[in-house]
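# Analysis of the macromolecular model
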Amino acid sequence: MQSPSPVTIARHAFDTGATPAEVYATLARRTREPAGSARAVCLALGIPADETSRRIDDCFDALLANARPGGEADTGELLEALGVFDVPKSLDAHDLAVVDQFLAAIDALGGIRAGHQHGLTRWFVTGNLTAAFLSLAATQPRPGTGDPAHYWTALITAGELLAARTPPDPRIKPALERCRERAAQSARP
């Protein structure tokens, strides 16, 4: 009898509630093949093969080429934090309109930290637009380089689009009100 493939093992582990990082660690310990284990996790999540290959190639040298035995859990958590296991969501026209407003806001921010940009990109890929909105709503445009009027206007438009979804996330309304207050404050001389 042939043993199950790593992808089959990963799918079964997901059925039991394991996280991608946990599944990676289990497979990597079992197979001693870090790249193959990461690939199996991605494929089990339904990430297309071409995208899986790109993601594995992007992190291979830094995380998978010389993975140390006993560090599988740490590597799995890093892969997860980097977005290697993020499942892309197809965005509809409404979602794309929200993302367009986020991009306008980011342009008006006057600069963005790399970690914040990474988190926003992950939320765009996974369709977690509420998290992106809440993060941007808690951010202030940079003095001197940012454009507060455009920043808050773009966020207000994005928030209104998100609030129009049925049912709206209850966190949207208070964040949208804070954006309106900040827009009013930035308009004052």
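So, a few notes on the structure that sits alongside this text. Note that the coordinates shown come from a computational prediction; the quantities given were computed from them, not determined experimentally.

### Details of the packing of helix α8 (residues 129-137) against helix α10 (residues 172-187)
- Contact pair α8 / α10: the axes reach a minimum separation of 10 Å and the direction vectors enclose 35°. Seen along the crossing, α8 lies across α10 with a hand that is left-handed. The segment α8 lies against α10, with Thr130, Phe133, Leu134 and Ala137 engaging Ile172, Ala175, Leu176, Cys179 and Arg182.
- Classifying every residue of the contact of α8 with α10 by side-chain character gives seven nonpolar, one polar and one charged.

### Quick word on the packing of aromatic side chains
- As enumerated under the stated definition, the model contains two aromatic pairs in all.
- A centroid spacing of 5.8 Å and a plane angle of 5° characterise the contact between Phe102 and Phe124, whose relative ring orientation is stacked. Here Phe102 is found in helix α6 (residues 93-109), whereas its partner Phe124 is found in helix α7 (residues 114-126), with 22 residues between them in sequence.
- Overall, Phe102 belongs to the buried group, its relative accessible area being 0%.

### Remarks on the pattern of salt bridges
- For the structure on display, the rule yields 12 salt bridges.
- With a shortest N-O distance of 2.7 Å, Glu177 and Arg180 are connected by a salt bridge. Of this pair, Glu177 and Arg180 are both found in helix α10, three residues apart, which corresponds to roughly one turn of the helix.
- The exposure class assigned to Glu177 is partly exposed, which follows from its relative accessible area of 35%.
- Through salt bridges with shared partners, one network takes in Glu51, Arg54, Arg55 and Asp58.

Criteria and thresholds
Residues numbered from 1 in each chain as written. Predicted model: local features only at pLDDT ≥ 70, side-chain atom pairs only at ≥ 80, totals over all residues. Heavy atoms only, no water. Axes fitted to C-alpha atoms, helices over the stretch in contact; angles between N-to-C directions. Helix = DSSP H or I, 4+ residues; strand = E, 2+ residues; numbered from the N terminus. Left-handed = near helix turned anticlockwise from the far one by under 90°. Contact = heavy atoms within 4.5 Å. Nonpolar A, V, L, I, M, F, W, Y, C, P; charged D, E, K, R; others polar. Phe/Tyr/Trp six-rings, centres within 6.5 Å; stacked < 30°, edge-to-face > 60°. Buried < 20%, exposed > 50% of the residue type's maximum accessible area, 1.4 Å probe, protein only. Salt bridge = Lys/Arg side-chain N within 4 Å of Asp/Glu carboxyl O.

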